[in-house]
Amino acid sequence: MFHSDRIARRAAGVVILLGLLAGGAGAHELMPAPADITEGAGRLTVDAALGVAVDRPEDARLRAGVARWTESIRLRSGVAVATARGAAAVEIKTAAVRVGMPTLGDDETYTLAIDEHGAVLSAPTTTGALRGLATLTQLLQKDDHGWFLPAVVIKDGPRFPWRGLLIDVARHWEPEEVIERNLDGMALVKLNVLHLHLTENQGFRIESKLYPQLQELGSDGKYFTQDQIRHIIAYAADRGIRVVPEFDLPGHTTSWLVAYPELGSAPGPYSIERHWGVFDPVFDPTNPKVYELLDGFLGEMAELFPDDYLHIGGDEHNGVQWTANPRIQQFIRDHGLKGNEGLQTYFNRKLQAILARHGKKMIGWDEILQPDLPPGTVIQSWRGPAGLADAVGHGFPAILSNGYYIDLNYSAAQHYRNDPLPADTPIPPAGQKLVLGGEATMWGEWVTPSDIDTRIWPRTAAIAERLWSPRSVTDVEDMYRRLAIADLRLAEAGTHQDDESRIRVPGVDPASPTGAALRTLASVVQPVTHYKRGGLQPDVTQLSPPNDLADWCKPESLEARSFNQSVKAWLLADGALDVAGANQLRAQLILWGRASELVVRAPVAGNPIAQARAKAAATQAALCQTGLDCMAALLSGQRIGPSQNQEATDALAVAAKPTAAAVVFPTTDGVHLLLAAAEDPSARDRLPRQEWAAQLQKSIPVQPDDE
Ligand code: ACM
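Everything numeric here is computed off the predicted structure, so don't read it as measured data.

Glancing now at the overall build of the chain. Scanning the chain from terminus to terminus reveals 27 helices and 18 strands. Computed over C-alpha atoms, the radius of gyration of the chain comes to 27 Å, within 12% of the 27 Å expected from 2.2 N^0.38 for 707 residues, which places it in the range of a compact globule. Principal-axis analysis of the C-alpha atoms places the extent of the chain at approximately 80 × 65 × 55 Å. Across the 707 residues of the chain, 59% fall into the buried class. In the chain, once contacts between residues fewer than 6 apart in sequence are set aside, the share between residues at least 24 apart is 77%. Summed over its atoms, the accessible surface of the chain is roughly 27,100 Å², and 56% of this surface lies on carbon and sulfur atoms. With 66 positive and 86 negative side-chain charges, the chain shows a spacing of 1 Å between the two charge centroids.

Okay, the confidence of the model for the chain next. Confidence in the prediction of the chain, expressed as mean pLDDT, is 94, and 96% of residues score 70 or more. Here residues 1-25 is a poorly scored stretch, pLDDT under 50, and it has 41 contacts once near neighbours within four places are set aside; other chains count.

The biggest cluster of nonpolar side chains holds 101 residues, and the ones touching the most others in it are Leu194, Phe247, Trp256, Phe297 and Phe305. Take this core: its biggest share by element is eight residues, from helix α8 (residues 288-304). In contact with Leu194, other than residues within four places in its own chain, are Leu165, Ile167, Ile179, Leu183, Met186, Ile232, Ile241, Arg242, Val243 and Val244. Counting residues in each nonpolar core, the second largest holds 56 residues, with Ile503, Trp552, Met631 and Ala655 among its members.

What follows is about the pattern of salt bridges. Counted according to the given criterion, the structure contains 32 salt bridges. The partner of Arg43 in a salt bridge is Asp143, and the shortest N-O contact between them spans 2.3 Å. With Arg43 in strand β1 (residues 36-45) and Asp143 in strand β6 (residues 141-143), the pair connects residues that are 100 residues apart, well separated along the chain. We classify Arg43 as partly exposed; its relative accessible area is 24%. Owing to a relative accessible area of 28%, Asp143 belongs among the partly exposed residues under this scheme. For Arg159, the salt bridge is made with Asp419, and the minimal N-O distance between the two is 3.0 Å. Highlighted residues: Arg159 in the loop between β7 (146-156) and β8 (162-168) and Asp419 in the loop between α13 (412-416) and α14 (429-432), separated in sequence by 260 residues. When salt bridges with common partners are traced through the structure, they connect Asp168, Arg171, Glu200 and Glu445 into a single cluster.

Within this structure, the stated rule accounts for 15 aromatic pairs. Relative to Phe305, the ring of Phe247 lies with its centre 6.4 Å away and its plane at 70°, an arrangement referred to as edge-to-face. Placement of Phe247 in strand β11 (residues 242-249) and of Phe305 in the loop between α8 and β12 (309-313) is noted, with a sequence separation of 58 residues between them. A relative accessible area of 1% places Phe305 in the buried class.

Here we come to the packing of helix α23 (residues 608-636) against helix α25 (residues 668-679). Where α23 meets α25, the axes come as close as 9 Å, and the angle between the chain directions of the two elements is 30°. Overall, the two elements α23 and α25 adopt an arrangement that is roughly parallel. α23 and α25 meet at a crossing whose hand is left-handed. Between α23, through Leu623, Thr626, Gly627, Cys630, Met631, Ala633 and Leu634, and α25, the contact on the second element is made entirely by Thr668, Val671, Leu674, Leu675, Ala677 and Ala678. Broken down by class, the residue content of the contact of α23 with α25 amounts to ten nonpolar, three polar and no charged.

Here strand β4 (residues 110-115) shows a buried face lined by Tyr110, Leu112 and Ile114 and an unburied face lined by Thr111, Ala113 and Asp115. As paired elements, β4 and β7 share five bridges and run antiparallel to each other. Looking at the pairing, Tyr110 lines up with Asp156 of β7. As judged from the five bridges shared by β4 and strand β5 (residues 118-123), these two strands associate in the antiparallel manner. Considered in β5, the bridge of Thr111 is made with Ser122. What sits between β4 and β5 in their antiparallel hairpin is a turn of two residues.

Further remarks concern helix α22 (residues 579-601). An ideal rise of 1.5 Å per residue puts 33 Å on 23 residues; α22 measures up with 32 Å between its terminal C-alpha atoms. Restricting attention to buried positions, one finds in α22 the residues Gly581, Ala582, Leu585, Gln588, Leu589, Trp592, Gly593, Ala595, Ser596 and Val599. Against the buried residues of α22 lie α18 (513-524), α21 (558-572) and α23. The backbone nitrogen of Ala580 lies 3.4 Å from a side-chain oxygen of the residue at the head of α22, namely Asp578.

Now for the environment of Pro34. Positionally, Pro34 belongs in the loop between α1 (2-20) and β1. The spatial distance from the C-alpha of Pro34 to the C-alpha of Trp468 is 8.1 Å, given a sequence separation of 434 residues. Those residues in contact with Pro34, other than ones at most four positions away along the chain, are His28, Ile154, Asp156 and Pro470.

The two faces of the sheet receive side chains in turn, since in a regular strand these alternate between them. Of all the seven residues making up β8, seven are buried; the element is thus mostly covered by neighbouring parts of the structure. Side chains Trp162, Gly164, Leu166 and Asp168 of β8 all project onto a buried face; the interleaved residues Arg163, Leu165 and Ile167 project onto the opposite face, where all are buried too. Pairing geometry for β8 and strand β16 (residues 435-442), over six bridges, is parallel. Paired with Trp162 across the two strands is Gly437, which belongs to β16. In this sheet, strand β9 (residues 193-200) lies alongside β8 in parallel orientation, the contact comprising five bridges.

Reading the values: rules and limits
- Here the residue index of a chain counts from 1 through its sequence in written order.
- Residue-level local features of this predicted model are given only where pLDDT is at least 70; pairs of side-chain atoms are given and counted only at 80 or more, and the full residue set underlies all totals for whole chains, interfaces and linings.
- Computation of side-chain values covers all heavy atoms of the structure but excludes hydrogens and water.
- Secondary structure elements are taken from DSSP: a helix is a run of H or I of four residues or more, a strand is a run of E of two residues or more, and numbering for both begins at the N terminus.
- Restricting the calculation to C-alpha atoms gives the radius of gyration, and the globule rule supplies 2.2 Å times the number of residues raised to the power 0.38.
- The classification of residues rests on relative accessible area computed with a 1.4 Å probe and restricted to protein chains. Under 20% of the type maximum is buried, over 50% is exposed, and intermediate values are partly exposed.
- Here, two residues are considered to be in contact whenever any of their heavy atoms come within 4.5 Å of each other.
- What sets the accessible areas is the Shrake-Rupley method with a 1.4 Å probe; for residues, cover comes only from the shown protein chains.
- When charges are counted, Lys and Arg contribute as positive and Asp and Glu as negative, whereas His and the chain ends are disregarded.
- Charge placement uses NZ in Lys and CZ in Arg. For Asp and Glu, CG and CD serve respectively.
- A residue's pLDDT is the confidence the predictor assigns to it, expressed on a 0 to 100 scale.
- Among buried residues, those of type Ala, Val, Leu, Ile, Met, Phe, Trp, Tyr and Cys that are joined through side-chain atoms within 4.5 Å constitute a nonpolar core.
- Whenever a carboxyl oxygen of Asp or Glu lies within 4 Å of a side-chain nitrogen of Lys or Arg, that contact is scored as a salt bridge.
- Aromatic rings from Phe, Tyr and Trp, with only the six-membered ring used for Trp, were paired whenever their centres fell within 6.5 Å, and each pair was classed as stacked if the ring planes differed by under 30 degrees, edge-to-face if by over 60, and tilted otherwise.
- Each axis is a line fitted through C-alpha atoms, and for a helix only the stretch in contact is used; angles between axes span 0 to 180 degrees, taken between their N-to-C directions.
- Angle categories: roughly parallel below 35 degrees, roughly antiparallel above 145, roughly perpendicular from 65 to 115, and oblique for all the rest.
- Each crossing gets its hand from how the near helix is turned against the far one by less than a right angle, where anticlockwise is left-handed and clockwise is right-handed.
- By the convention adopted, Pro, Cys, Tyr, Trp, Phe, Met, Ile, Leu, Val and Ala count as nonpolar, Lys, Arg, Asp and Glu as charged, and the other residues, Gly among them, as polar.
- For two strands to be treated as a pair, DSSP must find no fewer than two bridges joining them.
- Every helix has an expected span of 1.5 Å times one less than the residues it contains.
- Residues adjacent in sequence count toward polar contacts only when both atoms are side-chain atoms; beyond that, a polar contact is any pair of N or O atoms within 3.5 Å, and within protein one must be able to donate a hydrogen and the other to accept it.

Laid out in structure tokens, this is it:
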């Protein structure tokens, strides 16, 4: 019930937005956009006469992919595509069967030709055919004549071979079902690396059979067994996705030291960290027993994880324990090392030798970059765009994560504009070849199983497009048009961003008007960006329940964005103000405003979270009233009165201030536009369109970290 009322609300917003997009109709709905697509005029009807024919039935991975595809068709359309050639057929032709695990550089290309007689999907490899099946899933459409696949010729393949999503299962535990449903989402948008961040200060999330105390003392009982990991790896491989494990070393290791305090650089004892931040505990690189443990443990992990690469972290080591330990400082002097940094390089070299012995290539965060790293070590750039150029400049392959930090709650557009190799890249051609791709990073401080999908999707689909599609695919409005559709397809594939059961308050019946109002309010606000939440909610720890507005709402409210776009279009249209358009905008403001007022009236006694939420709701209610007041003035052709203008200015000022609820109010932008228009109602008739558009745009304050 909640799911469908959510979809209906969103669909209304999407329709408004779609109506605005000149030329949008008829354009393809695929995300990521294919490298090359020619849209034809006809269509292949999808009904009971359609069958699917696989030319290599011995390919079990492909058969499973085809079964998932036919199931996706059935779930949307009710049509059961036959698994044998019908009157019309989708033929799937592969040149080679992929039997082993997916590896970096696998051929993922495919071609797809659809006309009214049938479809032919051809690929050199099973993996390419799986990518083509993801495209076929997204191509299914319906109109008055029924379900169909549009006539197209697609020649497709990825721009970058490494297109990843990091999921941090350590700070907050994320169990197997979370990983699997997100693998389904990844497959739909052609991502091909799941990077599992498995160990952290706040948790040790993998079973070691050699050192069971690691998970027994370091995880609160929340960790993957080796059988579960094998299952996840197989599930990913079935979808053409590699799994790269990360064991963050030598810092970020409090949870290891709970079991092995003697391996730390300070005496301990240690306990699982519950807070967020950068912490002091770190392995002691001068202690030979550290390497014994790591050799045993990493050897065990090297057998468990089949991928060629193993991530050793290497980030954010603050050096505090090393500096404070005279024995460690003496070791640095005795070995002629360059301070703590030199000691970390010494440690990395030892790690490298361990990994090499176990047949793994090393990947680490950009702190590990040293000219004498073994060739082929992959650098994951996170601290700034310069890191990527620096790494490849030294001859190391690299992937980009700076700019893809989806935990920071920036818009899809901001991630989308972040190209690893933009047209004006300073990286020379030889270095460009070393840029393997990038990864979105779902860090775990502020997500739990109930809301992690809302942080990942749909924005990560925009990152997937940036990494798959040609550099020339850059139209942000068209990306949003397709993102709204991809969002629905992702939810159908099993991701939970639309599962509103996360929005609940003890004592409030979800089916009550207040329950519905909480969901409506959550749909129109967003969590604060960057690392601001930690400052606004310093008492929240790993142990706190996820019961706050900032947990429920999505990083980017497509409803709010759609509203803002509609306001802009309404104000910029030629001729008299459109009354039907006005009524739609007013209806939206009334809906949001009433829901917000209901939340204001919900009981808050003695509960600071509820008080903060009520205050946020009051802010949203005032914004909605401001918007309505401005529209009333505009529709009557009058300048907004001084007292209402003051109220409007006050409401906008309140909405701009961070509060304990740690949310922001994206509809503020649309309300700014309405106020600017209501302050100068004749400007719309008086000014040339471009000047009028510029005057409106100037009314929206630019947030420093939104630039
Ligand atoms: C990181 O975000 N510390 C890699």
